[in-house]
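Chain by chain, the residues run as shown.
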Amino acid sequence: ASLTSVSAYRGYDLDSTTAPAAAPDGTANFIYRHPEHDWAYTQELRLASLPGTRMPWVVGAYFSRESIRTTVQMDYLKNTVLQALFGLPPDFTQRFDVPRHTNRSIAVFGDVTVPFAERFRVRAGLRYTNERKEALGTIDTLVSGVAIAPTQFNPSSDTYSKLTWKAGFDFDLTPSNLLYATVSTGFKSGGLNNLPAAAGLSTYEPETITAYEVGSKNRFADNRVQVNVSLFHYDYRNYQTFTFYQPTGGPLAGSTVFPTLNSQEATFEGGEVQAEFALTANDRLGASVNVLNNAFDRFVIALPFAPVTDLSGEDVPLSPRSAVALSYAHDFDLGSAGTLTIAADGHYSAKYYATGNQGATAGNALYTQGSYTKVNANLTWESAQIGWTVSAFVRNLTNKDTINTISGGYPTLDNFLLTNAMVDPPRTFGASVHRSF
């Protein structure tokens, strides 16, 4: 057997300040601040059978720990809805601090493929996951930087455990044609919202899925043509959805908060055809077509002091009903100097709902991003002889602007009825250098 250990550490700091609305004199009347520090450590151990084993297997364990320190602060400076509707003074601030938030995950897993005949194999796997999330949050209310109410402490914690499994089979029609079918379950743990306990939204439930897939993988013309076809059906329970929430009463009256909620049920089903063609020894052409039928089977958002929103039957955000991708790559053999590869790919997406405002007005909640096409390009030089790879890329070559997140107006009189959007990255350039030892 072979033993593999993979360790990773990452960390980042974010400091974001946004002033989305201005008073008639041009000064900001609402400022949104979001500083955050995050670090995470992961460790995975796998013990696997060697290649060529008649009954391939793998067992392993996984551990991760993430620590987050973050603040969300909203400064309502003047001419705000809060002042007009609730009589609050100018220079009013709400600050949601999470000085300590930790996520810990432990899992063990195993997978085996058992041959029952020369061309028929059965696959099975199990995974047990245990996750714990803890947060100590504070909520402060200030005027001109001076507290006008005692600090609210909001300690939250929860533990989530789940045994997930998969089962399937492979059947070789020929040495170059495979049929397969798989049933598997998945688990995404719940989480914590830093909101007053009286709001009843401190935590949200885990998301689970049962996934069914059948398909075929094929090669033709002396392996110069590869065609893969698959059909799938995904049943989600407690699908997690990010929500823009502005209650008109209760403990959060006048606040702008962003809790995560669970829908009751969601279903995805569709198919994919993927093909790759070796036109010559140095030219490759790829194409894929995806179709998707997705909807919230039942999703009624009934938050306190807010209108009831029924999204049952609506498409799940950020999931277009069809997508097409094309790619082309050409290799230039430079002899002892290595290989130079020029590649380009294009992606077409049908229209879809942007995300981020379920629970607010239905018109904003279901904002539609129209269909679009984006093009990327890559240039890679590789020398296997000395182990160096240098790559350069440009993403979104035509600088197409598309929306991924939408929300209602911020709580200022001149912005309350507007819609705020976050867009995907514009034309982006980058490069990387890789060294193999």
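Bear in mind the structure is a predicted one, so any value in this text is a computation, not a measurement.

Here the focus is the overall build of the chain. Per the secondary structure count, the chain includes two helices and 27 strands. Projected onto its principal axes, the C-alpha positions of the chain cover 75 × 45 × 45 Å. Within the span of the chain, comprising 437 residues, buried residues form 41% of the whole. Contacts in the chain between residues at least 24 apart in sequence constitute 63% of all its contacts with a sequence separation of at least 6. Working note: accessible area of the chain is about 23000 Å², and carbon and sulfur atoms make up 59% of it. Between the centroid of the 32 positive side chains of the chain and the centroid of its 39 negative side chains there is a distance of 4 Å.

To continue, consider the pattern of salt bridges. In this structure the tally under the stated criterion is 14 salt bridges. A salt bridge links Arg-123 to Asp-170; the shortest N-O distance between them is 3.1 Å. Pair noted here: Arg-123 is in strand β5 (residues 120-143) and Asp-170 is in strand β7 (residues 152-174), with a separation of 47 residues, a long-range link. For Asp-170, a relative accessible area of 11% corresponds to the buried category. Members of the salt-bridge network, linked through shared partners, are Arg-10, Asp-38 and Glu-66.

Formed by 30 residues in total, the largest nonpolar core has its most connected members in Met-74, Phe-96, Tyr-239, Phe-268 and Phe-296. Sorting the residues of this core by element identifies β2 (28-48), β3 (57-76), β4 (92-115), β5, β11 (207-220), β12 (225-237), β15 (265-278) and β16 (283-298) as the ones contributing at least two each. For this core, the leading source of residues is β3, giving three residues.

With that settled, the discussion passes to a nonpolar patch on the surface. Residues Val-229, Val-273, Val-289, Val-291, Val-324, Leu-326 and Tyr-348 make up a contiguous nonpolar surface patch of about 530 Å² in total accessible area. Breaking the nonpolar patch down by element, the ones donating at least two residues are β16 and β19 (322-333). Within the secondary structure, Val-229 is located in strand β12. Judged by relative accessible area, Val-229 falls into the partly exposed class, the value being 36%.

Further remarks concern the packing of aromatic side chains. A full pass over the atoms with the stated rule returns 10 aromatic pairs. Look at Tyr-352 and Tyr-372: their rings are 6.3 Å apart centre to centre, the planes differ by 80 degrees, and that puts the pair in the edge-to-face class. Of this pair, Tyr-352 sits in strand β21 (residues 352-353) while Tyr-372 sits in strand β23 (residues 372-383), and the two are 20 residues apart along the sequence. A residue is classified by how much of its surface remains accessible, and Tyr-352, at 8% relative accessible area, is buried. We classify Tyr-372 as buried; its relative accessible area is 12%. An aromatic cluster is built from Tyr-236, Tyr-239, Phe-268, Phe-296 and Phe-299, whose rings are joined through pairwise contacts. Above the plane of the ring of Phe-437 lies Arg-435, whose end atom (NZ or CZ) is 5.0 Å from the centre.

Moving on: the pairing of β12. Looking at chain direction, β11 and β12 are connected through 13 bridges and run antiparallel. Pairing of Glu-213 across the sheet is with Phe-232, part of β12. Counting the residues that bridge the hairpin from β11 to β12 gives four residues, and of these Ala-221 lies at a positive phi of roughly 50 degrees. The pairing of β12 with β15 spans 13 bridges and is classified as antiparallel.

Below, the discussion takes up unusual backbone geometry. Even without being a glycine, Asp-222 presents a positive backbone phi close to 55 degrees. Within the secondary structure, Asp-222 sits in the loop between β11 and β12. Despite not being glycine, Asn-238 has its phi angle at roughly 55 degrees, a positive value. Turning to its location among the elements, Asn-238 is positioned in the loop between β12 and β13 (240-242).

So, about the confidence of the model for the chain. Note that predicted coordinates carrying low pLDDT should not be read in detail. A residue-level look at the chain finds 90% of positions with pLDDT of 70 or above and a mean pLDDT of 87. Considering only residues more than four positions removed or in separate chains, one finds that residues 358-364, a stretch of pLDDT under 50, has 20 contacts.

Along the chain, Ser-391 falls in strand β24 (residues 388-395). Separated by 3.4 Å, the side chains of Ser-391 and Thr-380 make a polar contact.

What follows covers the environment of Thr-18. Here Thr-18 is to be found in strand β1 (residues 2-22). By relative accessible area, Thr-18 is classed as partly exposed at 33%. Residues within four places of Thr-18 in sequence aside, it is in contact with Phe-30, Ile-31 and Tyr-32.

About the criteria used
Residues numbered from 1 in each chain as written. Predicted model: local features only at pLDDT ≥ 70, side-chain atom pairs only at ≥ 80, totals over all residues. Heavy atoms only, no water. Helix = DSSP H or I, 4+ residues; strand = E, 2+ residues; numbered from the N terminus. Buried < 20%, exposed > 50% of the residue type's maximum accessible area, 1.4 Å probe, protein only. Contact = heavy atoms within 4.5 Å. Areas by Shrake-Rupley, 256 points an atom, 1.4 Å probe, with all protein chains shown as cover. Lys, Arg positive; Asp, Glu negative; His and termini not counted. Charge placed at Lys NZ, Arg CZ, Asp CG, Glu CD. Salt bridge = Lys/Arg side-chain N within 4 Å of Asp/Glu carboxyl O. Core = buried A, V, L, I, M, F, W, Y, C linked by side-chain atoms within 4.5 Å. Patch = residues over 30% accessible without salt bridge, like charges linked within 9 Å, V, L, I, M, F, W, Y side chains within 5 Å. Phe/Tyr/Trp six-rings, centres within 6.5 Å; stacked < 30°, edge-to-face > 60°. Lys NZ or Arg CZ within 6 Å of the ring centre and 35° of its normal. Pairing = 2+ DSSP bridges. pLDDT = per-residue confidence, 0-100. Polar contact = N/O pair within 3.5 Å; in protein donor to acceptor, adjacent residues only side chain to side chain.

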